Amino acid sequence: MRPELLERLTVPVSKRDHILGPADTSAILLEYGDYECPACGAAHPLVKAILESVGDRLRFAFRHFPLSNVHPHAERAAEAAEAAGAQGGFWEMHDLLFENQDALDYDDLAEYAAMLGLDASRLIREIMANAYAGRVREDFSSGLRSGVNGTPTFFINGVRYDGPRALEPMLAALAYAGGW
Amino acid sequence: MSNETNYDQMYSQSRRTALPSGTEAPDFSLRSTPDQWLSLSEFRGQPLIIAFYPADWSPVCGDQMALYNEILPEFQKLGAKLVGISVDGAWCHAAFAKDRKLHFPLLADFEPKGAVARSYGAYREKDGVSERALFVINADGLVHWSYVSPVGVNPGAAGILSALEELQPKKEAAAVS
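Residues numbered from 1 in each chain as written. Chains lettered and ligands numbered in written order. Predicted model: local features only at pLDDT ≥ 70, side-chain atom pairs only at ≥ 80, totals over all residues.

Participant: Now, about the interface of chain A and chain B: what can you tell me, with residues and values included?
Facilitator: Of the residues lining the interface, 14 residues belong to chain A; the matching set on chain B comes to 17 residues. A per-class count over the side of chain A that touches chain B returns four nonpolar, seven polar and three charged. (Contact = placed C-beta atoms within 7 Å. Nonpolar A, V, L, I, M, F, W, Y, C, P; charged D, E, K, R; others polar.)

Participant: Tell me about the pairing of strand β2 (residues 36-39) of chain B, and please be specific about residues and values.
Facilitator: In this structure, strand β1 (residues 29-33) of chain B lies alongside β2(B), joined through four bridges in antiparallel fashion. Paired with Thr33(B) across the strands is Gln36(B), a residue of β2(B). (Pairing = 2+ DSSP bridges. Helix = DSSP H or I, 4+ residues; strand = E, 2+ residues; numbered from the N terminus.)

Participant: Outline the sheet that holds strand β3 (residues 58-64) of chain A, supporting the account with residue identities and numerical values.
Facilitator: All names here are of chain A. One open sheet accounts for five strands, arranged β1-β3-β2-β4-β5; its pairing is mixed. Strand pairing shows two members of the sheet lacking a second neighbour, β1 (18-20) and β5 (159-161), which therefore form its edges. Strand-to-strand, the axes of this sheet are offset by a mean angle of 30 degrees, without reference to chain direction. Strand direction decides the pairing type here: strand β2 (residues 27-33) and strand β4 (residues 153-156), joined by four bridges, are antiparallel. Within β4, the residue paired with Tyr32 across the bridge is Thr153. (Axes fitted to C-alpha atoms, helices over the stretch in contact; angles between N-to-C directions.)

Participant: Help me get a handle on the nonpolar core, residues and values and all.
Facilitator: Ranked by size, the top nonpolar core spans 90 residues in total, and within it Leu29(A), Ala80(A), Leu97(A), Leu123(A), Ile49(B), Phe52(B) and Phe135(B) carry the most contacts. By residue number, the principal contributor to this core is helix α2 (residues 74-86) of chain A, which donates seven residues. (Core = buried A, V, L, I, M, F, W, Y, C linked by C-beta atoms within 7 Å. Buried ≥ 20, exposed ≤ 12 C-beta atoms within 10 Å, placed from the backbone.)

Right under this line is the structure:
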């Protein structure tokens, strides 16, 4: 019999991912998120707080899961983060996108790129050419097969975290998984 | 997500009564719009995903249907079609589908109410709505896989995708990512 709920990560966090934190840690927190999703926006400060608290012994990775039919700017924003990443500014763009969820038009994205000192016209050109659409799709597909049914979805060491989205329980789950 | 206090109640007998793998899928003919009908037999020759859900507009259903809407290209790559079925009427479905920009048909199991859900062993008598139940029907019209989720929990797509992959011709299976 197939297990009824498939809630383990099918594609482990690896070099292909955007990862914050020390090279080798016993705990990895992975988020599947959508830059236009209000619940992801609400979880962003929570992730920041987690990193502030235990960022020295934790790796944090982010994968895209844009629900484009519900959030018309989500795919473009995900590609913008990737395009910024190609210029070395993934996490800075990631923060700006979450902090400005209601301003994700091309003009806005170009402005954020300029604010970060990136080549804005290259970034927009790459988004319009869908240069990173395949990469975003890879993230999305791996989420589908891992039990990501909505956003945000968190995994701790490859197991879906279904507990409350709050600092204390998440820190406890990370400490447990990491054996701290 | 799940309401923990009602977790036990959300599981129901349908977890045992839902038609299992190997059963012939009961035919049906239901309204897909106020003036159009769809029958199971029209899908012969290709895999069909049937997603029974309790009601239009309820939050989890919305998320679940929004997710499937997003994954339609993946289902298509695996050669499969998708229909959603609930006891809501055709006009309600039309408004819901328009609001959520759904690109797959919602069928109205409206009269006699819930008859199709019943025939699949996926009806909640007490609540008068269908279970949140998934069926993958193979090209020959047999149930290949079925799953009944707790009513408040979005069952996602991982199970459907695995079932569809099992139905791929051997040679192509490797090519489908």
